[in-house]
Amino acid sequence: MKALTLFLVSLLLCIACAVQKPAKPTRSMAQRQAFLRQHGLNRVPPGFQVDHIVPLCAGGPDHPDNMQLLSIEDHKEKTRDDIKRCRAQ
């Protein structure tokens, strides 16, 4: 009985691990600041946001070479497309 209980607990843990969502990609404030410094900025200009050219959810790096400034409206539109792209993967 003890062996069966241990087996069932192990099985449930394996199932739980298999269905967990992947970890959300992390964003580094240091990388964001490095991007801004590369462009002679101390902060994001009003009306703009920092965007990842290749989204983190699609495997893009959190690196200044993968960042760009977009207007808030353009960023919203691109983010919608990026989310669709990542969900399709």
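It should be noted that the structure appears before, not after, this text.
Within any chain, residue numbers begin from 1 and follow the written order of that chain's sequence. Note on the predicted model: pLDDT of at least 70 is required for a residue's local features to be given, and 80 or more for side-chain atom pairs to be given and counted; whole-chain, interface and lining totals, by contrast, use all residues. Here the side-chain values reflect all heavy atoms present in the structure, with hydrogen atoms and water set aside.

Let's talk about helix H2 (residues 29–38)
The criterion, for reference: Residue exposure (1.4 Å probe, protein chains only): buried if accessible area is under 20% of the type maximum, exposed if over 50%, otherwise partly exposed. Helix and strand labels come from DSSP, where a helix needs a run of H or I of at least four residues and a strand needs a run of E of at least two; each type is numbered from the N terminus. Any pair of residues with heavy atoms lying within 4.5 Å of one another is described as a contacting pair. Under the rule applied, a polar contact is a pair of N or O atoms within 3.5 Å (in protein, one hydrogen donor and one hydrogen acceptor; residues adjacent in sequence only if both atoms are side-chain atoms).
Looking at H2, one finds that the buried residues are Ala34, Phe35 and Leu36. Along its buried surface, H2 packs onto strand S1 (48–52) and strand S2 (67–71). Measuring from the side-chain oxygen of the N-cap residue of H2 to the backbone nitrogen of Ala30 gives 3.2 Å; that N-cap residue is Ser28. Once H2 finishes, Gly40 follows within two positions and takes phi at roughly 70°, a positive value.

Topic: helix H3 (residues 72–88)
To keep things clear, this is the line we draw: Multiplying 1.5 Å by the residue count of a helix minus one yields the expected span of that helix. Regarding the arc, it is the one traced by the directions from the helix axis to the C-beta atoms.
Here H3 is 17 residues long and its end C-alpha atoms lie 24 Å apart, about the 24 Å a rise of 1.5 Å per residue gives. Within H3, burial applies to His75, Lys78, Asp82 and Cys86. Here the buried residues of H3 occupy an arc of 75° about the axis, which is enough to place them on one side. H3 presents Glu73, Lys84, Arg87 and Ala88 as exposed residues on the side facing more than 90 degrees away from its buried surface.

Focus: the side chain of Asp62
Here is the rule: When charges are counted, Lys and Arg contribute as positive and Asp and Glu as negative, whereas His and the chain ends are disregarded. Salt bridges are defined by distance alone: a side-chain nitrogen of Lys or Arg within 4 Å of a carboxyl oxygen of Asp or Glu.
The residue Asp62 is located in the loop between S1 and S2 in this model. Buried charge without a salt bridge: Asp62, with Arg27 as the nearest opposite-charge side chain at an N-O distance of 6.4 Å. A polar side-chain atom of Asp62 sits 2.4 Å from the main-chain amide nitrogen of Ser28. Reaching out from Asp62, the side chain makes a polar contact with the side chain of His52 at a distance of 2.7 Å.

Nothing here speaks to function; it is all geometry.
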